[in-house]
Every structure is written in C-alpha cells, then in structure tokens.
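Chain by chain, the residues:
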Amino acid sequence: DNGNTIVSDDGKKAVLSYNVLKYDENVNASLVDISLETGRHHQIRVQLSNRNHSICGDQKYGTRGRGKQICLWAYELLIYHPITKEEMIFRVLPEKIGSWKMLEDTNI
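Everything in this summary refers to the structure shown in the same document. Model, not experiment: these values are computed from the prediction.

Here's the deal with helix H1 (residues 43–50)
Phase 1: Among the 8 residues of H1, 6 are classified as buried, and the element is accordingly described as predominantly covered.
Phase 2: Looking only at H1, the buried set comprises Gln43, Ile44, Arg45, Val46, Gln47 and Leu48.
Phase 3: Summarising the contacts, the buried residues of H1 are in contact with strand S1 (16–24) and strand S2 (29–36).

Structure below.
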C-alpha cells in the first residue's frame, strides 16, 4: 500500500547469498558481503529488512535510521565487454569514514 517492494509467496524469485565479514557489538552493526543471484528491484534492501537486519541509513525499508546516507556500496562489478566478450572487473571501496569506519580493522 505504501509503494514499497514487499516479500510475498506470489512474488518473483529473488536469491542472494551473504557472508558477515565483521560485527561491531557496540553499535549492533555488521559489515556484510552480498552476492546477488537475481537482480530484483531493491532486492538487498527488502530481503535484509524482512529478516529484521535492515541496512543502516535506509529511510525506505529500514528501522536503523543512523545517518542520512544508506550504507549500501557496490564494491565490485563484473561485466562482459559487449564486443570482445572479455570479462571486466571494476572494484572500489568507500573511504573509511563515517558509517564505513568498520572497514578499518578488516582485510578488505
């Protein structure tokens, strides 16, 4: 009713896998590596929120209103060149400031 995407038995299949890289007990926040198998609209945000693990700063689906910026970062993108079919990988990490300070003690 509010225009958000929802989880439903009648919905399209949406699959992802994840790995918790770090958990900070003091702020009750996790740094998570997520791999998408499908690419549904707002898939990561909806699935994590549905399991009561919403993304920090997610004003639409979240309950963890810390910060004004959603803490969702695509650090790796793999595509195939449309002509050469060469695999191309692009990687970039956020600066270790603000909500991303959890990266400081990781090997990422």
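Notes on the pairing of strand S4 (residues 87–91)
The side chains of a regular strand alternate, first on one face of the sheet and then on the other.
Phase 1: With 5 bridges joining them, strand S3 (residues 76–80) and S4 adopt antiparallel strand pairing. Counted as the bridge partner of leucine 78 is isoleucine 89 from S4.
Phase 2: Count of turn residues in the S3/S4 antiparallel hairpin: 6 residues, of which lysine 85 carries a positive phi of about 65°.

Regarding the pairing of S1
Phase 1: Bridging between S1 and S2 involves 8 bridges; their strand directions are antiparallel. Bridge assignment links serine 17 to a residue of S2, and that residue is serine 35.
Phase 2: What sits between S1 and S2 in their antiparallel hairpin is a turn of 4 residues, with asparagine 28 showing a positive phi close to 50°.

Structural notes on the side chain of arginine 45
Phase 1: Along the chain, arginine 45 turns up in helix H1.
Phase 2: One polar contact links arginine 45 to aspartate 58, side chain to side chain, over a distance of 2.6 Å.

So, how was this worked out
- Residues numbered from 1 in each chain as written.
- Predicted model: local features only at pLDDT ≥ 70, side-chain atom pairs only at ≥ 80, totals over all residues.
- Heavy atoms only, no water.
- Buried < 20%, exposed > 50% of the residue type's maximum accessible area, 1.4 Å probe, protein only.
- Helix = DSSP H or I, 4+ residues; strand = E, 2+ residues; numbered from the N terminus.
- Contact = heavy atoms within 4.5 Å.
- Pairing = 2+ DSSP bridges.
- Polar contact = N/O pair within 3.5 Å; in protein donor to acceptor, adjacent residues only side chain to side chain.

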